[in-house]
Each structure stands twice: as C-alpha cells, then as structure tokens.
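Structural description and commentary
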Amino acid sequence: MKLMEQLVAGCSQIDVIPIVGMGGIGKTTLARILFDSQLIKESFDIRGWVTVSQTYRVQEVVLGILKDIGVPLDKKKDVEQQLYQTLYGRKFLIVLDDVWDIQVWDDLKRLFLDKKNGSRIILTTRHSKVAAYANSFGAYHEMQLLDEDSSWSLLCREIFPQNNCPSELVEIGKEIARQCHGLPLALSAIGGHLKKEKHTVECWEYVSGNVNMVLKTTNDPILEILTLSYNYLPHHLKACFLYFGFFQEDRPIEVFRLVNLWVAEGFVKPSRWNSTEQVAEEYLRDVIERNLVFVHKYDSFGKPKRCGIHDLFRDICIREAKKENLFYVLDTDAPPYDLLEINSLRRYVLDGYKSPSLETSLTLRYYHEDYHVVSGDSNSSYHGDFEDYDSSDANIEYDGNISTSDIEYDGSDNTPANEHEYRFNIRDIMLTTRSLVCHGIDISQQIKLASGLLQVLNISMGSTKFPMGILEFVNLKYLHLGNVREIPSSISRLRNLQTLIIRVMQIKSMPSEIWKMKQLRHLLIGGFHLLDIPDVQGEGTNAYFLEYLQTLSEIIDFTCKREVIARVPNLKELKLLYSRDAVRWSFESLHNLVYLCELESLRLDFWPGEYNLQNLAFPFSLKKLVLVGCRIPWEKMTIIGILPNLEVLKLRHRATKGKIWETNDGEFKRLKFLSIRFSTLAEWKT
C-alpha cells in the first residue's frame, strides 16, 4: 500500500500525509486502519489521535492528543508545552481527523518539531485546499467512490460477515449496492438495515426500490454527517450548492447551464475585475474543492464541463432548500402542503412523472382562523365552516399572521380543530413565482398561467410552436426551451433576457429583432440563420449593439460583415456552420473575425468541399480553435501557428488537406492540446 510505504519508509523529515474526500467516503476508516496496523505500532514510538471538527480550540485539540497518547496531565504546566516535551526527540505519528480549515494547521504545526527521525502526521479533511496547504510540496491521497464490484463486496460483508449471501439475493443486492453510488457510509447504513430484516427476495426487492427512502427514514445520522459539509459553507455558497437540487437525479449537469442559472438567480456577487460568469466559476471550483461536487467531464482547458452530486447530497439540498424557502419540488405523492409555507416560496421544480402539471390539484393545509375562501368566479367571500362550502373553483386568501397556537398538533391521527385540507390548483399558488424548472413534462401550453415575475424558466416542449405566453414575462433573465422551430419577432419584448438556450437541431431563422435585446449574454441554439441588422436610421447608433453578448452558437451561413462584428465587441465564444447552400461571399468575409478582440473560442464547421479561404484570419486573443471540413492546406497552417494564446487546436473531418505538415520555429508556443481526426496527414516535420 502506497500510504503505508509513505508512513514507514519515506523520507527522514517530518511528513504530512493528507487524506481528502467527501463526507462518508471512508477517510477516517482508512486512517484508523493505518493507525491500528501492527507495522505502524512497531514503527513509531508514540501514536496519538484527535478529532478536530468544525469548531475547535487549540487547547482542546492538544488535550485530545495528550489524552490519546496516555500522558497524565500536569495542571501546573501549559498543555502545549507538555505536548512539545512529550514528542521531543521521539518518532511519532499523530492523526488530525476531520480538519475543516487551514488555520488548524497554522495553529498546530509549531508543536510538531522536525527532528528528522521519520515522524508523520496524517490529516483527514473534506477540503482539498486544506490538504494542499498542509502538504504544499507533495501530493495528497484523494479518496474515490467505490466501483460497483467493490460496493457489492462491502455491502455483502456488512450483512453476511462470512460472505455467505444466498444466491437468490445476489443480483438484488448488487442493484441495491449500485444505488448507493459508491459511498461507503451509505453502503454501511443500508447493510445495517438489511442485516436486521428478513433475508427474503420480497424484502430485498422492496429495499431495492426504495433505497433513498430507507436511508432517509432509518439513518438520519447519515444525512447529518453529510449536512456538516453544507453547514460549513460560507454564506455566499449555500444557495449555490442547494441549487443542485433543482436538477434531476443521476443526470450530469452542464456547467455552462449551472453557472448561468446562478447568475440569473442573483446568487453571484458582482466583481469589479471579473465577469459574473467568471465569479460563478470560482464558486463552483470552491464547492468542488470541498468535495461536495464531483466532476464528470473536463473540457480541453482542464475546466469542469459536466458535474454532479451524490444522491444523498441531493436529498440534503432539497430538504435544506425547503427549510430556507429557496425552492420546492412539487410532487403529487407528497403529503399535504402547508399553505403559508408554499405561498412564501418563489422557485418550483416539476420533475417528470412524479410532478403534476400546472392544471393538477394538490392538497394544501390551512387554518380557518387566518384564512378565508374567495370564490373563483365572483368577488364574494365566504367565512365559516369549510365543510359546508362547495369550493371546487375557489381561491384562498390569508387574513393575518399564523401564531404558534394556531398550528400546535398533538400527534394524534385527527386533524386539529382549526386545521383544514383543501384541493388547490397549482397555477393559483404560483402568482409570485420567479423560477420554474420542468424536467420531462410539457407545460408550454399552460405557461401563460404562471407568474409575470418569472426570471428563470426551463421547460420541455411537446410542440414545435413557440409558447407565446412566455412573452408576458418581461423580467425573464434565463430561458431554456426545447423543440421550438420558429422564434417570433416579438421575442424582443423579453428585454431583460440574458441567456437563451433552445435544444433543437435547427430553427428557420432568428428574427432581426434579436439585435434589440441589449442584455443578452448567451445565445445557444442548435443551428439558426441570423438575419441582418435592420436599418438603423433614426434609431441611434446603439440601437442594435449587443455589448454584453459573450456566447453565440450556432449560426448557419453567417456573413461576418465588419459592421456586424463591431456590434458584438465582447464576444468570447462563437460557433459558425456553413452548409452546402452557403453562398461564396458568406464565408469569404471570415477575415473580419480578426476584429473580435475578446474572442477566446471559435468553431468553424464547413460542409465538406473545396473553399477559397485565402483571406482567413483569426484574432490573437483566441485560445481554442476547432475546424471541421474546411480543407486548409498544411502549408497554410502558419496563420494558426502564429496565434500567441492558442492552447487547444482540434482539426476534425478533413479540416486540412495534404500529407506533410512542417511547423516552423516559434509557432504554437502555448499549445497544450492537439487533436487531428480523419486526416490524410502522413508526415509531421517539426
């Protein structure tokens, strides 16, 4: 074992060995196995263990070490002096378990004098920054989630110490283990539950279908252990982390989408030096370093492209978000919703088959001393016993503050005297909704019923027709649609829109009115024709000036006129597609790309053919370039090689032609990633 070698056979200088990973992944267990091994006992004169935790005092940590070592305390001496004298000149192993802050190491390291006798310190932490800080000159041990085979092996040992699992339970057990997603804490807990249950197919199949519910209802300590990581987050990261509960279970999350949702929701503090998107990316890096979020895929720059969280963390996000009134996941199977609670919320998630449509009724609980029913089809109101009122189309209004005396409940099965339940249409509780995310459920034809205060809208589409009701939401900042084939010219009414994403292969065209949407920052559509800028006479020079636009993708047969380029001066990412129908002058204007002085990422995708790209030029700001089908001769690659900031170059599907590529001195100075696919290249000289 590499860690064991580092402990007993490494350098003579004192060495810090950090073990880092998310809560429940087994850091403490691994440290304990090492600490208690016979080889370690024989290799060190002194061994001491202390758990530091989130809130600590140096004196208490020192006392914990002395107590574990077995040193009798001398009340006349300072405890730090006693520890120093105890360790002086002796080979020691100290475990600092559950360290949350770099300040802990700053406070304690002076006590561990380096006598170059092979002493070691094991430090376990959930935060990668703490691990890197404690051992700035070496690597730390980063624990990974278990694979499926190891997960089943651990679960099986928890239930059957002799590894004698009945054959009829093996496949069900493997499925239960798989649903724990490699987290040892979850596997241990579910194993403890199954160990006490009957070992029958029926019982195990029930657990297999309800793993998360079993963990939440019978093992609250598990969630509490994981919740510590959330509780320790700085205030500005808490809402950002809870927002992961907005996304579907077991689905990778696109970082681009996540970051721009955070921005639209107002979770990101403005910075004088960086864009809000850059600040949001820093937030994400922070929660990744705290091992709350794991990365599914990195991009060519080594930055997170897709990420996610463990299912148990998602449960925590949903639970804590409800406590904080951040968002609510609507579910037809849920127990009755408290009316005051649900009316105070501003963000809702409708998630696939579990969620209702906007026309569905849910059961709400309210208290008749403070609420009265207002008829939905008249201005009259009704006060009194609700049992005598036919309220199939009614609304409920709130008269005052609900006191604790109104909501006390003695735990019996009977509803309290002043508590009533009422079937209520979802659309009527969404009058002040600011965010609505729908996964796998089409509400496009009902969207006109939602709130005019809406700022974030993410909906699936069963129809290809643009839902015109959306145009009433003039406060929208983020809009994500699917399957739309045509965008109306009235889209410009969404004057506050920052991000527009449409997941479709191609729409007919983007109306020229898009140039009027001055707040646009990101426009991502699966392929569209962008109409020319309208005649600006009489409207001022800034009428069609998209100062904040950073992302523009994917435009078909775009003509890069100089006057058009000048109206998107801060563009950072651009994707252009040229079809076989593209007229010659549309791609011969590509030399004007050089005027996009902030452009960092560019993709040019050509229908396979021969093109006259003699005037092709790129801005020096470019960091990533993807070329497809353009058949540039290898001898012309100098126009790319001279780019001083280029780090990523991808040449795909006949992007070049010829068999010999000879690069010159001084070219591609900063290139870190090169990919060449489907090329006739036979020889590369450099």
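Our structure is the block above this text.
Description of the structure in this document. (Residues numbered from 1 in each chain as written. Predicted model: local features only at pLDDT ≥ 70, side-chain atom pairs only at ≥ 80, totals over all residues. Heavy atoms only, no water.)

Attention shifts here to unusual backbone geometry. A cis amide bond, omega -5°, links Ser 553 with the succeeding residue Glu 554. Along the chain, the position of Glu 554 falls in strand E22 (residues 551-556). Despite not being glycine, Asn 325 has its phi angle at roughly 55°, a positive value. Its location among the elements puts Asn 325 in the loop between helix H17 (311-323) and strand E9 (328-330). (Helix = DSSP H or I, 4+ residues; strand = E, 2+ residues; numbered from the N terminus.)

Moving on, we get to the pattern of salt bridges. In the structure shown here, the tally under the stated rule is 20 salt bridges. In this structure, Arg 521 and Glu 277 form a salt bridge, with 2.7 Å as the shortest nitrogen-oxygen distance. You can see Arg 521 sitting in the loop between strand E20 (499-503) and strand E21 (522-528) and its partner Glu 277 sitting in helix H16 (residues 276-289), a full 244 residues away along the chain. For the pair formed by Arg 521 and Glu 277, the shared burial category is buried. (Salt bridge = Lys/Arg side-chain N within 4 Å of Asp/Glu carboxyl O. Buried < 20%, exposed > 50% of the residue type's maximum accessible area, 1.4 Å probe, protein only.)

Moving on: the pairing of E21. With 6 of its 7 residues buried, E21 lies for the most part within the structure. In this structure, E20 lies alongside E21, joined through 4 bridges in parallel fashion. Paired with Ile 502 across the bridge in E21 is Ile 525. Across 4 bridges, the pairing between E21 and E22 is parallel. The residue bridging Phe 528 from the neighbouring strand is Ile 555, located in E22. (Pairing = 2+ DSSP bridges.)

Turning next to the pairing of strand E8 (residues 304-308). Inspection of the sheet shows strand E6 (residues 253-254) paired to E8 by 2 bridges, in the antiparallel sense. Residue pairing for E8: Glu 254 is matched across the bridge by Arg 306. Here strand E7 (residues 294-298) runs beside E8; their pairing, made up of 4 bridges, is antiparallel. Each residue of the ladder has a partner; that of Tyr 298, found in E8, is Pro 304. Where E7 folds back onto E8 in an antiparallel hairpin, the turn is made up of 5 residues, including Gly 302, whose phi is positive at roughly 85°.

Here helix H15 (residues 255-265) crosses H16 at 110°, and the two axes come no closer than 9 Å. Overall, the two elements H15 and H16 adopt an arrangement that is roughly perpendicular. The handedness of the crossing between H15 and H16 is right-handed. Of the residues in H16, those in contact with Val 255, Leu 258, Val 259, Asn 260, Trp 262 and Val 263 of H15 are Thr 276, Glu 277, Ala 280, Glu 281, Tyr 283 and Leu 284. (Axes fitted to C-alpha atoms, helices over the stretch in contact; angles between N-to-C directions. Parallel < 35°, antiparallel > 145°, perpendicular 65-115°, else oblique. Left-handed = near helix turned anticlockwise from the far one by under 90°. Contact = heavy atoms within 4.5 Å.)

This part takes up the sheet that holds E7. Within the open sheet, the 3 strands sit side by side as E6-E8-E7. Their pairing is antiparallel. The open sheet has two edge strands with one neighbour each: E6 and E7.

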